[in-house]
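Structural description and commentary
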Amino acid sequence: MDFRRDSTESATTVTPQDSLDVRILNTLTRTLNFTYEMRVPWDDQWGTSTPSGNWTGVVGTLQYHKADFSLLLSWLRGRYQVVEYSRIYVNEPIVMIMLKPGPLPQYLALIRPLSGETWAALFLSTVSAGLILWALQWAWGRACGQTGLSLDTSILYTWSILFEEPPPHIPTNMSGRMFVGWWWLYCTLFIVVYRSSLIAHLSVPGTANAIDSFEQMLDEGGWTWGYEPSYGAGWEWFKTNTNPIIKRIYQGMEVLEFPEQMERVLKGRHALITWKYKIKSLVAALYTDEYGNTPIYTARQVYFNYGGYGWCFRKGAPFRRAIDLQKQRMIEAGLIPQWINDLIGTKAKKARDQFGKETSLEKDWAKNLQQDTEGERVVLSLMHLQSVFILLGLGFCIAVTGLFIEIIVHAFVRRSEAKMHVVEGGKLLPEPNQEFLKQRNAFTPTDFTPTACHLQPPTATHSPSSTCPSAALNSLE
């Protein structure tokens, strides 16, 4: 309920602004013919209990008969012991608001179209298809005396079809052709489904999971949450609640004013715990653009901490019954929901006209709400295709790593061959010395050009020999 103070003194009179309770009150003044004077409580609080059994704020004012009745107070069992309530005319649960979940990281865009189970099934089916093809070709080769496909060739064959790069030759036997044909059909259907899903994920990126309850927020971790310093029924409900989850929320609650809370909400990973209709009106007024877009997300889980809103009266007030009867007639006429919807729309429009275009805060979050016009093509940017470049970089890294491994292995093999011993006659001989290597390498391939050998008859002074160059080589060795 909005109002304007008439002075800066405590317990000053106020001039109420247009709201649901003011409309009800003005209707009652005309029907029951009375006037009123409205003041704020001395401590500016709704009213919480103290250890002595007394109450603060509005409830304390009524407890000590310093006022006749109040507007808009939540039904609580503790309050009912010191004041009297009129009938409930509206319910307003407690909700959480936070920044809308952002888009998912695009480096996983290539694998996000399919679930993990689907990727595993695709991998296993492809490997299994290669094994089955190899088994069919092996059985056909044994039966017909032909040579089938090797195991590695069969597995690579099925993978090549999946990547739309099939080998130029297909099996010649009927069983192999039938299997390859059905596998080709399976791969075609799978590729069509993957492509369509990939296009959808690239053009309209998915968003992260939203936080919809206190349990989710506590389980995820890294979140903060706050509450406005009104210290009313909501604060009393958190303070006296015995639920372990609610206790943890109460212990970690940060009490800040609304502008500070919203500033932290817009930065992310901070939730504001507040009232449903109140925050709905404020978000529509201050954090929604002319197209209805807003960066604020309201959690789905709502928490009812009381029966609803009613008016409080001092004990023994004689006019409570008459006011109750008139409020019942307004409820049955359907005026309450009609006034609520009208107030939300009116306040939102008024706030946008007055403050929306002047605040830099709105300009900041409004920039993030720019969306493509319906019907226009979505132009893929580097943000959409970052997974492709990451995959390319990964391939380069693997290739460079493979190059280093090849160099290391080759150097190791050469070093091992250089240290090998020459085996001759079953004995291990030491490595040949450098002088021997020089003599052996002195003979180039041209030194061993085939030539004719002339045999001479044996004489007394000469032994049978050959005049070919190989004799000279043997003499050197």
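A few points on the structure. (Residues numbered from 1 in each chain as written. Predicted model: local features only at pLDDT ≥ 70, side-chain atom pairs only at ≥ 80, totals over all residues. Heavy atoms only, no water.)

**Quick notes on the pairing of strand β5 (residues 94-99)**
A large share of β5 lies buried, amounting to five of its six residues. Pairing of β5 with strand β9 (residues 296-298), which is carried by three bridges, proceeds in the antiparallel orientation. In the strand pairing of β9, L99 is matched with I296. (Buried < 20%, exposed > 50% of the residue type's maximum accessible area, 1.4 Å probe, protein only. Helix = DSSP H or I, 4+ residues; strand = E, 2+ residues; numbered from the N terminus. Pairing = 2+ DSSP bridges.)

**Focus: the packing of helix α8 (residues 233-240) against helix α9 (residues 244-251)**
The N-to-C vectors of α8 and α9 enclose an angle of 120 degrees; their axes lie 8 Å apart at closest approach. Like other packed secondary-structure pairs, α8 and α9 cross with a definite hand, here left-handed. On α9, the residues that touch W235, W237, F238 and K239 of α8 are I246, I249 and Y250. The residue makeup of the contact of α8 with α9, split by class, is six nonpolar, no polar and one charged. (Axes fitted to C-alpha atoms, helices over the stretch in contact; angles between N-to-C directions. Left-handed = near helix turned anticlockwise from the far one by under 90°. Contact = heavy atoms within 4.5 Å. Nonpolar A, V, L, I, M, F, W, Y, C, P; charged D, E, K, R; others polar.)

**What to know about the sheet that holds strand β3 (residues 69-74)**
Strand order in the open sheet made by the three strands is β3-β10-β4, with antiparallel pairing throughout. Of all strands in the sheet, those bounded by a partner on one side alone are β3 and β4 (84-85). The sheet contact formed by β3 and strand β10 (residues 309-313) spans four bridges and is antiparallel. Bridge assignment links S74 to a residue of β10, and that residue is Y309. Along the sheet, helix α12 (residues 320-332) makes contact with β4 and β10, crossing β10 at roughly 160 degrees.

**A look at the environment of V204**
Structurally, V204 is set in the loop between α6 (174-203) and α7 (214-220). On the basis of relative accessible area, V204 is assigned to the exposed category, the value being 61%. As for V204 and H384, which are separated by 180 residues in sequence, their C-alpha atoms are 9.5 Å apart.

**Digging into the side chain of T126**
Here T126 is to be found in helix α4 (residues 116-144). A residue is classified by how much of its surface remains accessible, and T126, at 0% relative accessible area, is buried. Polar side-chain contacts of T126 include one of 2.7 Å to the backbone oxygen of L122. Residues in contact with T126, not counting those within four places in the same chain, are T158, W159, L162 and W183. (Polar contact = N/O pair within 3.5 Å; in protein donor to acceptor, adjacent residues only side chain to side chain.)

**Describing the nonpolar core**
Membership of the largest hydrophobic core comes to 45 residues, with the highest contact counts inside it found for F238 and I273. Ranked by residue count, the leading element in this core is helix α13 (residues 335-356), at five residues. In this structure, F238 is in contact with I94, F214, Y227, I246, I249, Y250, M253 and I273, ignoring residues within four places of it in sequence. By size, the runner-up hydrophobic cluster in this structure holds 15 residues, among which are L114, L122, Y157 and L202. (Core = buried A, V, L, I, M, F, W, Y, C linked by side-chain atoms within 4.5 Å.)

**A word on the pattern of salt bridges**
Inspection of the entire model under this criterion finds 11 salt bridges. A salt bridge links D18 to R23; its shortest N-O distance comes to 3.0 Å. E236 is the partner of K239 in a salt bridge, and the nearest nitrogen-oxygen pair spans 3.5 Å. Of this pair, K239 and E236 are both found in helix α8, three residues apart, which corresponds to roughly one turn of the helix. (Salt bridge = Lys/Arg side-chain N within 4 Å of Asp/Glu carboxyl O.)

**A word on the sheet that holds strand β8 (residues 270-275)**
With mixed pairing, the five strands of this open sheet are ordered in space as β7-β6-β8-β5-β9. In the strand order of this sheet, the two ends are held by β7 (253-255) and β9, each with one partner. Strand-to-strand twist across the sheet, computed as the mean angle between neighbouring axes with direction ignored, equals 35 degrees. Strand direction decides the pairing type here: strand β6 (residues 224-227) and β8, joined by four bridges, are parallel. Bridge assignment links W225 to a residue of β8, and that residue is A271. Of the strands in this sheet, β6, β7 and β8 are in contact with α9, which crosses β7 at around 40 degrees.

**Quick notes on the packing of aromatic side chains**
Summed over the entire model, instances satisfying the criterion amount to 18 aromatic pairs. Residues W275 and Y309 carry aromatic rings whose centres are separated by 6.3 Å and whose planes lie at 55 degrees to one another, so their mutual orientation is tilted. Residue W275 is located in strand β8, and its partner Y309 is located in strand β10; the two are separated by 34 residues in the primary sequence. Accessibility classification places W275 together with Y309 in one group, the buried group. In textbook terms, an aromatic cluster arises when at least three aromatic residues are bridged by ring pairs, as seen for F214, Y227, W235, W237, F238, Y250 and Y303. (Phe/Tyr/Trp six-rings, centres within 6.5 Å; stacked < 30°, edge-to-face > 60°.)

**Digging into the side chain of D21**
One can find D21 in helix α1 (residues 20-32). We note that D21 is buried and unpaired, the nearest opposite charge coming from K327 at a distance of 6.4 Å. One polar contact links D21 to W311, side chain to side chain, over a distance of 2.8 Å. (Lys, Arg positive; Asp, Glu negative; His and termini not counted.)

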